[in-house]
Amino acid sequence: NAGVTQTPKFRILKIGQSMTLQCTQDMNHNYMYWYRQDPGMGLKLIYYSVGAGITDKGEVPNGYNVSRSTTEDFPLRLELAAPSQTSVYFCASSYRDRGLQLSYEQYFGPGTRLTVT
Amino acid sequence: AQKVTQAQTEISVVEKEDVTLDCVYETRDTTYYLFWYKQPPSGELVFLIRRNSFDEQNEISGRYSWNFQKSTSSFNFTITASQVVDSAVYFCALSEAILDDMRFGAGTRLTVKP
């Protein structure tokens, strides 16, 4: 299993440009997440998805959009990039069963380092 | 509201010292899960342990041990005989059965000096 893969690894954007960060998992996990980590800081949740076709906002969703058309893929779209979006972006996936109240660990991708200048 | 508190922002120890990283959490849920992750200087996030709210047994894995105490809402992590390779940022996290997200603490940066 490749686990969680993210592309690209690095990207430099100019202010106002748009881009999509790709995330794919091959573990058949139902939950997927996008986090950002600013230098020296913790993880902030941007968006998450509990299954294909269902997405919801996290703590810092402004300036981002997501979609979840398949179980495997969870792309993050940045529209009109701003310097404040300079960060490392992590995608993660996990298995949860709300009915059984089960929650397993999140598996993280290697991250995408984004700079907006 | 802060649900996971890691009060120690940075800790520095000398190799072979023992070190404990504190984690205090808040929840009203009776079913929840606690996790520890390691983020070494290379940047990836590595899962270390998962513990559910009904299992208060302490866990030991090599030089790592975890102490879960529901009475004090704490899930502390101890590294025995620390090594330079233990230098990393360590995150504690909480997952509540009634919520879909996972709450991370701010992290503790551990530096182990030779």
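Right above here is the structure, for reference.
Keep in mind the model is a prediction, meaning the values are calculated, not measured.

Enquirer: Just to check I follow, could you spell out the interface of chain A and chain B for this structure?
Expert: One frequently used descriptor of interface size is the decrease in accessible area upon assembly of the parts. Listed by partner, the interface residues are 21 residues for chain A and 21 residues for chain B. Together chain A and chain B conceal approximately 1800 Å² of surface at their shared face, both sides included; 52% is due to carbon and sulfur atoms. In this assembly, chain A and chain B are joined by 1 salt bridge. A salt bridge links Asp 100 of chain B to Arg 98 of chain A, with the nearest nitrogen and oxygen atoms 2.6 Å apart. Linking chain A to chain B there are 13 residue pairs in polar contact (both at pLDDT 80 or more). At the level of elements, β4 (31-37), β5 (43-51) and β11 (102-103) of chain A are the ones that each hand at least two residues to the side of chain A that touches chain B. Among the residues making up the side of chain A that touches chain B, the classes are represented as 12 nonpolar, 6 polar and 3 charged.

Enquirer: Would you explain the pattern of salt bridges in this entry?
Expert: A pair can form between side chains of opposite charge whenever their charged atoms are brought close. The tally for this structure, following the rule as stated, stands at 8 salt bridges over all chains. Residue Asp 38 of chain A pairs with Arg 36 of chain A through a salt bridge whose shortest N-O separation is 2.8 Å. Among the ionic pairs, Arg 63 of chain B bridges to Asp 86 of chain B, the shortest N-O distance being 2.8 Å. Here the residue Arg 63 of chain B occupies a position in the loop between β7 (59-61) and β8 (64-69), and Asp 86 of chain B occupies one in the loop between β9 (74-79) and β10 (88-96), the gap between them amounting to 23 residues. What emerges from the salt-bridge pattern is a single network uniting Arg 51, Asp 55 and Glu 59 of chain B.

Enquirer: What is the right way to read the nonpolar core from this model?
Expert: Most often, soluble globular proteins keep nonpolar side chains buried together rather than apart. All names here are of chain B. Grouped together as the largest cluster of nonpolar side chains are 23 residues, with contacts concentrated most on Trp 36, Phe 77, Tyr 90 and Leu 110. Breaking this core down by element, the ones donating at least two residues are β2 (10-14), β3 (19-21), β5 (32-39), β8, β9, β10 and β12 (108-113). Ranked by residues supplied to this core, first place goes to β10 with 4 residues.

What counts and how
Residues numbered from 1 in each chain as written. Chains lettered and ligands numbered in written order. Predicted model: local features only at pLDDT ≥ 70, side-chain atom pairs only at ≥ 80, totals over all residues. Heavy atoms only, no water. Contact = heavy atoms within 4.5 Å. Buried area = accessible area lost by both parts, 1.4 Å probe. Salt bridge = Lys/Arg side-chain N within 4 Å of Asp/Glu carboxyl O. Polar contact = N/O pair within 3.5 Å; in protein donor to acceptor, adjacent residues only side chain to side chain. Helix = DSSP H or I, 4+ residues; strand = E, 2+ residues; numbered from the N terminus. Nonpolar A, V, L, I, M, F, W, Y, C, P; charged D, E, K, R; others polar. Core = buried A, V, L, I, M, F, W, Y, C linked by side-chain atoms within 4.5 Å. Buried < 20%, exposed > 50% of the residue type's maximum accessible area, 1.4 Å probe, protein only.

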